[in-house]
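The primary structure of each chain is shown beneath.
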Amino acid sequence: MVPPSSSMDPSPPPSWFTPKRLLIIFCVINMINYVDRGAIASNGVNGSSETCDDKGICKSGSGIQGEFDLTNFQDGLLSSAFMVGLLVASPIFASLAKSYNPFRLIGVGLSVWTLSVAGCASAFSFWFIAICRMLVGVGEASFISLAAPFIDDNAPVSQKTAWLAMFYMCIPTGIAVGYVYGGYVGGHFHWRYAFWGEALLMLPFAVFGFLVKPLQLKGFSPVESKKALASVETVSSVTDDSKASKLDGRMLVGGDGIIGDKLSKTSKSESIHNILNQLSRFAKDVKVLLVDKVYVVNVFGYIAYNFVIGAYSYWGPKAGYNIYHLKSADMLFGGVTIVCGILGTISGGFILDRMGATISNAFILLSGATFLGAISCFSAFCLRSLYGFIVLFAVGELLVFATQAPVNYVCLHCVRPSLRPLSMAISTVSIHIFGDVPSSPLVGILQDHINNWRDTALTLTSILFLAAGIWFIGVFLHAVDKSNDGSQPVSTPRITSRKPLLDGNVDESLCEV
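As the structure is a prediction and not an experimental result, all values here were calculated from the model.

A. Broad picture of the pattern of salt bridges. Under the counting rule described, the total for this entry stands at three salt bridges. Its salt-bridge partner being R133, residue D36 comes within 2.7 Å of it at the nearest N-O pair. Within this pair, whereas D36 is found in helix α1 (residues 19-41), its partner R133 is found in helix α7 (residues 126-154), the two being separated by 97 residues in sequence. The burial state of D36 is the same as that of R133; both residues are buried. E140 is the salt-bridge partner of R37, the closest N and O atoms lying 2.5 Å from each other. Placement of the pair is R37 in helix α1 and E140 in helix α7, with a sequence separation of 103 residues. The exposure class of R37 is buried, given its relative accessible area of 18%.

B. Spatial organisation of the packing of helix α14 (residues 359-382) against helix α18 (residues 453-475). Where α14 contacts α18, the two axes come as close as 8 Å, and the packing angle between them is 165°. Our classification of the angle between α14 and α18 gives roughly antiparallel. Every pair of crossing elements has a handedness; the one defined by α14 and α18 is left-handed. Touching F363, I364, L366, S367, T370, F371, A374, I375, C377, F378, F381 and C382 of α14 are R454, A457, L458, T461, L464, F465, A467, A468, W471, F472, G474 and V475, all from α18. Along the lines of polarity and charge, the residues of the contact of α14 with α18 split into 19 nonpolar, four polar and one charged.

C. Quick look at unusual backbone geometry. Here the phi dihedral of N451 falls at roughly 55°; this positive angle occurs in a residue that is not glycine. With respect to the helices, strands and loops of the structure, N451 is situated in the loop between α17 (420-450) and α18. Relative accessible area serves as the criterion here: at 63%, N451 is assigned to the exposed category.

D. Spotlight on the packing of aromatic side chains. Following the criterion strictly, the structure yields 20 aromatic pairs and no others. Between F167 and Y168, the aromatic rings sit 5.1 Å apart at their centres with planes inclined by 80°, giving edge-to-face as the arrangement. Its relative accessible area of 2% is what places F167 among the buried residues. Summarising the aromatic geometry, the rings of Y184 and F189 are spaced 6.4 Å apart at their centres and angled 70° between planes, so their arrangement reads as edge-to-face. For F189, a relative accessible area of 56% puts it in the exposed group. Cluster of aromatic residues (ring-pair linked, three or more members): F26, F143, F150, F167 and Y168.

E. Summary view of the side chain of T370. With respect to the helices and strands, the residue T370 is situated in helix α14. Note on T370: relative accessible area 0%, which makes it buried.

F. Layout of the nonpolar core. Grouped together as the largest cluster of nonpolar side chains are 118 residues, with contacts concentrated most on F26, I64, F195 and Y305. The leading source of residues in this core is helix α12 (residues 293-324), at 17 residues. Two domains share this core, each providing at least three of its residues, namely domain 1 (16-50 + 61-218) and domain 2 (286-483).

G. The arrangement of the environment of I92 in detail. When you line up the elements, I92 lands in helix α5 (residues 82-96). Spatially, the C-alpha atoms of I92 and F282 are 9.1 Å apart, while their sequence positions differ by 190 residues.

H. Seen up close, the packing of α1 against helix α9 (residues 191-211). Packing of α1 against α9 leaves a shortest axis separation of 11 Å and a crossing angle of 155°. By the angle class used here, α1 and α9 are roughly antiparallel. As α1 runs across α9, the sense of the crossing is left-handed. Counted together, I25, V28, I29, I32, N33, V35, D36, A39 and I40 of α1 and F195, E198, L201, M202, F205 and F208 of α9 form the full contact between these two elements. Considering only residue class, the contact of α1 with α9 consists of 12 nonpolar, one polar and two charged.

Reading the values: rules and limits
- Residues numbered from 1 in each chain as written.
- Predicted model: local features only at pLDDT ≥ 70, side-chain atom pairs only at ≥ 80, totals over all residues.
- Heavy atoms only, no water.
- Salt bridge = Lys/Arg side-chain N within 4 Å of Asp/Glu carboxyl O.
- Helix = DSSP H or I, 4+ residues; strand = E, 2+ residues; numbered from the N terminus.
- Buried < 20%, exposed > 50% of the residue type's maximum accessible area, 1.4 Å probe, protein only.
- Axes fitted to C-alpha atoms, helices over the stretch in contact; angles between N-to-C directions.
- Parallel < 35°, antiparallel > 145°, perpendicular 65-115°, else oblique.
- Left-handed = near helix turned anticlockwise from the far one by under 90°.
- Contact = heavy atoms within 4.5 Å.
- Nonpolar A, V, L, I, M, F, W, Y, C, P; charged D, E, K, R; others polar.
- Phe/Tyr/Trp six-rings, centres within 6.5 Å; stacked < 30°, edge-to-face > 60°.
- Core = buried A, V, L, I, M, F, W, Y, C linked by side-chain atoms within 4.5 Å.
- Domains from an automatic or database assignment.

These figures come from the coordinates and say nothing about function on their own.
As structure tokens, this is what we get:
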């Protein structure tokens, strides 16, 4: 008999999990994720290849590139290999959240991340460390897809966007800390120790994800309820498909009792049926997202935006060096990006909360901030004065980074709660596949063709106007906040019209769940 309906409701979160503690934990995890991104790109960890002068005197290489004697192409593949695992695993984890507890999935992902980073520390060849970097992306995928919905569930109503801003603020901060951390550890000890340190930092959080009582996302039914319903369906299907008879008050199936082969075949068919159901459900969920105009417009704007930001992060220092002959261009661009990234991301969240956190207001902020930021950055690259460039570019980045919280707020609130993990996963996959992954090589091709860094930078920056225009379209769309829709847990099928297990005077009310 199925437990009463009250037991099927999601259990309240453990008292230890106050919303602020949850936010702090997720921020620290996110910070460690992006420290790894910065560390592997730092000179101390990434290193350099062996070089020889005209006299035949060679200087040994350093870091990963020097130890494995990597070409620049191999080194570039290594730094972006995590993207493969991230793009493949993000939709998978988002889909599994409907069948398994999302908090436990984060624990699994962080465990994979920890083991993979430890594998990088003990790598013995290029291909081994490349595979480990791909698995780092797999581990990160679970956290990227599921952390934001948890924060949205637990944040105060009047500060939801501000809390998301604090979470995404860890991206530029983590990368900056990773540069410093990797440079120091790699320069004073060995590049392998940088990865060992990251693994040790993440290990407590991976263990934490399995030991504590898991939280439940809004819109998802507890795993225990699903198991109970699955048990009832299995027993009922076996009973319906066999000939029942009663002997000495005992239930017989097929005259010989419940046979092991019957249960085994039923179990296998149930497994196949469940897999097919999950694939079908995943396809339907993706279709729901793709036909949602609000979601599609938001993601298209985010792709154009990330196209520019990704190219800025890779080519910015080199463009600054060639345009303004600035030897410390990397430090300048890095410093401006860190400060403006932190201030801009937090400001965007607080401003949207002050405006009133709605999808329409989010689109207004997205289009307005991006448009003004594009004007500032475009004007900055037009100036001949270095100091004028620094001021205008800083203002532009401050405005551009203000979009981080609002764009993710739209992703979370334009879909029903059960689709939020998939919404974040598809958004992440899209902005990387069509945004920052192709932007760097395309900008390189453009620069090779026109051979003028100022014109290249101006052409790239103009794409921000496209992003602002796309988001401006969202202001006029009929947007409904669906974050409170579907309050009933998903995937809890109702079982009716089942035959009683025993003939006789059985209360028919027990046969309906």
